[in-house]
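# Coordinate analysis (summary)
Below, each chain spelled out in residue letters.
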Amino acid sequence: MGRPLFYDIIEKPATTCIVTICSLIWFVIQKKSIGYSQVGLSYETAIEGHYWRMITSAFSHISVLHLVFNMSALWSLGVVEQLGHLGLGTAYYLHYTLVLVVFSGVLVIGIYHLLIGRFKIDYFRRVTAVGYSCVVFGWMTILSVKQPSSKLDLFGLLSLPISFAPFESLIFTSIIVPQASFLGHLSGILVGYAISWGLIGGMNNYWALTILGWIVVVFVFSLKKSGAYDFSFLEIESLTDASLPSVRFIGNGRTLQASAVPLSGVEVV
């Protein structure tokens, strides 16, 4: 007889919350008949300023099979929360989940930009991605480096050595589910290696809260500016210079506007 689920829930609080959130979002999507185009991320929507889709696409699933696969893998990967003695644990898990969500989304859009601009493959303009797979593949990769003796359990039936799981799963999903985002999964793997090898590091509560704060700001402003949602308390308008947006908080009459700074001789890379 296996260990009661209750103990796993207690030892994996962050994983439990994320699985619950993704499941609830899936339920709402089904209830309201929401499609890929309404919550998914594509190159075209990104360059149009729909930055909020980087978050909605990560936590949204349209297919129940997609949801079950990702959440089953994520639950197994939640063992990261139980490895505090190895320098991992719940805080580490939360900090780098934020990093994986943001960096893998930015990386996949960057790859699309390269393929479209450099190689003229316009197909990737309209490829729309949804799902938590980028983060799942990222954690597979991190665990394969940090704890290579671990196993990845899927559906409680299939157990894979974690050291091979990222690329085994990448090939497996590409064959079984042809419409799966190969580049999205690959982005998660690359960011996972960057975290594991210390190329992306130094995360603590301060930086996690700072990143989370910016995510909320960009999420709300891009929702408003793209017209996807009308926040009645917030108005964005341009004053004197169309390139300098101002923000007005309705009700108190206050307006904030960025100021112009000469940038001659400066290159932004």
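Residues numbered from 1 in each chain as written. Predicted model: local features only at pLDDT ≥ 70, side-chain atom pairs only at ≥ 80, totals over all residues. Heavy atoms only, no water.

## Overview of the overall build of the protein
- A count of helical and extended segments in the protein gives 11 helices and five strands.
- Each of the 269 residues in the protein was classed as buried or not, and the buried ones make up 42%.
- Taking the contacts inside the protein whose residues are at least 6 apart along the sequence as the reference set, 64% of them involve residues at least 24 apart.
- For the protein, the exposed surface amounts to about 15,200 Å²; the carbon and sulfur share of it is 67%. (Helix = DSSP H or I, 4+ residues; strand = E, 2+ residues; numbered from the N terminus. Buried < 20%, exposed > 50% of the residue type's maximum accessible area, 1.4 Å probe, protein only. Contact = heavy atoms within 4.5 Å. Areas by Shrake-Rupley, 256 points an atom, 1.4 Å probe, with all protein chains shown as cover.)

## What about the UniProt feature "transmembrane region" (unreviewed entry) in the protein?
- Annotation from UniProt places "transmembrane region" (unreviewed entry) at residues 12–29, 50–73, 93–116, 123–142, 154–175, 182–200 and 206–223.
- Taken as a whole, residues 123–142 contains 50% helix and 0% strand, while its terminal C-alpha atoms sit 31 Å from one another.
- Here residues 206–223 is 100% helix and 0% strand, with 26 Å between the C-alpha atoms at its ends. (UniProt positions renumbered as here; feature names shortened; annotations may be inferred.)

## Some thoughts on the packing of aromatic side chains
- Throughout the structure, instances matching the rule amount to 10 aromatic pairs.
- Pairing Tyr 93 with Trp 139 gives two aromatic rings, centres 5.0 Å apart and planes at 20°, and the pair type is stacked. Separated by 46 residues along the polypeptide, Tyr 93 in helix α7 (residues 90–117) and Trp 139 in helix α8 (residues 133–146) bring together distant segments of the chain. Trp 139 carries the same exposure label as Tyr 93, and that label is buried. (Phe/Tyr/Trp six-rings, centres within 6.5 Å; stacked < 30°, edge-to-face > 60°.)

## Some points on a nonpolar patch on the surface
- Together, Ile 171, Phe 172, Ile 175, Ile 176 and Val 177 give the surface a local cluster of nonpolar side chains, amounting to about 490 Å² of exposed area.
- Looking at where Ile 176 falls in the secondary structure, it is placed in helix α9 (residues 165–176).
- Among the residues examined, Ile 176 registers a relative accessible area of 54% and is labelled exposed. (Patch = residues over 30% accessible without salt bridge, like charges linked within 9 Å, V, L, I, M, F, W, Y side chains within 5 Å. Salt bridge = Lys/Arg side-chain N within 4 Å of Asp/Glu carboxyl O.)

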